Amino acid sequence: MTDTARPHLEIREVGLRDGLQLEDPVPLAAKLALLDAIAVTGVREIEATSFVSPTAVPAFADAEELAAHLHRWPDITFSALVASPNGARRAVTSNVVNLEYVVSATDAHSAANVRRTTEEALTAVSVIADLAHGAGGTAEVIIAVAWDCPFSGRVDADHTAEIARRAVEAGADRISFGDTIGTVVPGRMTQLLDVVGAVAPGVELGVHLHNTRGIGLASAWAAYQAGVTRFDASFGGLGGCPFAPGATGNIATEELAYMFDESGVDTGVGIDAVLDAVAVLRDVVGHDLSSNLFRAHVAGAERVAARGRAQR
Ligand SMILES: CC(C)(COP(=O)([O-])OP(=O)([O-])OC[C@H]1O[C@@H](n2cnc3c(N)ncnc32)[C@H](O)[C@@H]1OP(=O)([O-])[O-])[C@@H](O)C(=O)NCCC(=O)NCCSC(=O)C[C@@](C)(O)CC(=O)[O-]
């Protein structure tokens, strides 16, 4: 439960989308079990799936089927990633009206991801925003490779900020910056947010960070200090873009919530409940997860069990 007297922020859980997109397709029943587990953690927003090409990302071939179950969690605001107007149409037809549309800051990543240039991808923002708004929802643009591209290197902050400005001009309600290959550091986070503040003042901003180099939480803290209060995170730290070589997991929901809650910033997220959900996730994907907090939790539980056995 959020304490309104404390500073607070929103964590959007993206494990069902970013988390699963690099995995072998997970059966619908297992996705619903994951939703059951994550829906009781206190997160208020969940990015549930992607309406993209099932050839490009087989993990979300069941997007429509999953969407038909989302009414089961009426207290959660669900959203979906889309990569084209066609995907946006599929989403709103499935009653998923809050859309995240990805625009890559470089042509090279855009070509790998959606087979379009950045300019072509930007052209679709107004169409997608109209579709979302017409259905009573919201349109967010996530700018992928906002700081660094695995194909063309460093991205100028002015360039990313200009994409943000144009996306808002075209109808986006909100912009999130994606650190797709997990290279950003606090100084560069602050630099980009400063430039965006000058170019597109007053825009609602979020960040979508990957922890590839272990700096994700530090950059999240820098973003918070710069005024950002919306963060994507993935339980267990699962995730990664299939079209960005070297991409690995998102910052972990439980670690982000732990950092902020212990710093007096309310996330509304119950850490123990997320750790329970991560245990379900580990069984579903069948491999270890990168979350240090989860590892510490498992190791702590094993120590307690070993002590219990020794005392018997
Ligand atoms: C945009 C559309 C829908 C256009 O796909 P389309 O509408 O089918 O149009 P097309 O003419 O470009 O595609 C023709 C054929 O190529 C296939 N195709 C098309 N694209 C690809 C691709 N990339 N890789 C492999 N195959 C691809 C496509 O599936 C189709 O095959 P068919 O169905 O005829 O057999 C499609 O390109 C697509 O779905 N791309 C996937 C986008 C995606 O889901 N990327 C991962 C999410 S973005 C991300 O993770 C970054 C983010 C948001 O998290 C932020 C961050 O981390 O920083």
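Conventions adopted
- Residues numbered from 1 in each chain as written.
- Predicted model: local features only at pLDDT ≥ 70, side-chain atom pairs only at ≥ 80, totals over all residues.
- Heavy atoms only, no water.
- Buried < 20%, exposed > 50% of the residue type's maximum accessible area, 1.4 Å probe, protein only.
- Helix = DSSP H or I, 4+ residues; strand = E, 2+ residues; numbered from the N terminus.
- Arc of directions from axis to C-beta.
- Contact = heavy atoms within 4.5 Å.
- 1 Å grid on protein atoms, 1.4 Å probe; cavity = no way out; pocket = protein on both sides within 12 Å on 5 of 7 lines; lining within 4 Å.
- Points joined across faces, edges and corners; volume = space filled by probe spheres on them.
- UniProt positions renumbered as here; feature names shortened; annotations may be inferred.
- Nonpolar A, V, L, I, M, F, W, Y, C, P; charged D, E, K, R; others polar.
- Near = heavy atom within 4 Å.
- Polar contact = N/O pair within 3.5 Å; in protein donor to acceptor, adjacent residues only side chain to side chain.
- Areas by Shrake-Rupley, 256 points an atom, 1.4 Å probe, with all protein chains shown as cover.
- Sits in = over half its atoms within 2 Å of the grid points.

Moving on: helix 7 (residues 125-134). Of the positions making up helix 7, those classed as buried are Val 125, Ile 128, Ala 129 and Ala 132. Buried positions in helix 7, seen along its axis, are confined to an arc of 100° and lie on one side of it. When the buried face of helix 7 is taken as reference, the exposed residues oriented beyond 90 degrees from it are Asp 130 and Gly 134. Lining the buried residues of helix 7 we find strand 3 (77-82), helix 4 (85-93), strand 4 (99-104), helix 6 (118-123), strand 5 (139-144) and helix 8 (157-169).

Right, let's talk about the layout of surface pockets for a bit. Quantified by volume, the largest pocket comes out at close to 640 Å³. At the level of secondary structure, the elements contributing two or more residues to the lining of the largest pocket comprise helix 1 (15-19), strand 2 (45-51), helix 4, helix 5 (107-114) and strand 5. A per-element tally of the lining of the largest pocket places helix 5 first, with four residues.

This part is about the UniProt feature "domain: Pyruvate carboxyltransferase" (unreviewed entry) in the chain. Following the UniProt record, the feature "domain: Pyruvate carboxyltransferase" (unreviewed entry) maps to residues 9-275 here. Across residues 9-275, helical content stands at 40% and strand content at 18%; the span's end C-alpha atoms are separated by 20 Å.

This part is about empty space enclosed by the protein. In this structure the tally under the stated criterion is two cavities of 30 Å³ or more. Taken as a whole, the largest cavity holds about 50 Å³ of empty space. Along its surface, the largest cavity is lined by Glu 10, Ile 11, Arg 12, Glu 140, Ser 176, Gly 206, Val 207, Arg 230, Phe 231 and Asp 232. Of all elements in the fold, only strand 1 (10-13), strand 9 (204-209) and strand 10 (230-233) reach the threshold of two or more residues within the lining of the largest cavity. Class assignment of the residues belonging to the lining of the largest cavity gives a composition of three nonpolar, two polar and five charged. For the second largest cavity, the full set of lining residues is Tyr 101, Val 125, Ile 128, Ala 129, Ala 139, Glu 140, Val 141 and Ala 172. At the level of secondary structure, the elements contributing two or more residues to the lining of the second largest cavity comprise helix 7 and strand 5. Among the residues making up the lining of the second largest cavity, the classes are represented as seven nonpolar, no polar and one charged.

Turning to the site of the ligand, a few remarks are in order. The environment of the ligand is formed by 27 residues, the closest being Gln 21, Ser 53, Asn 113, Arg 115 and Thr 180. One nitrogen or oxygen atom from the side chain of Ser 53 is found 2.3 Å from an oxygen atom belonging to the ligand. Interatomic distance of 3.0 Å between a side-chain N/O atom of His 210 and an oxygen atom of the ligand. Here the ligand loses 74% of its free accessible area of 1,100 Å² to cover by the protein chains. More than half of the atoms of the ligand fall within 2 Å of the grid points belonging to the largest pocket. Elements with a minimum of two residues in the shell around the ligand: helix 1, helix 5, strand 5 and strand 8 (174-179). Here the element with the most residues in the shell around the ligand is helix 5; it accounts for three residues. Among the residues forming the shell around the ligand, the class breakdown is 13 nonpolar, nine polar and five charged.

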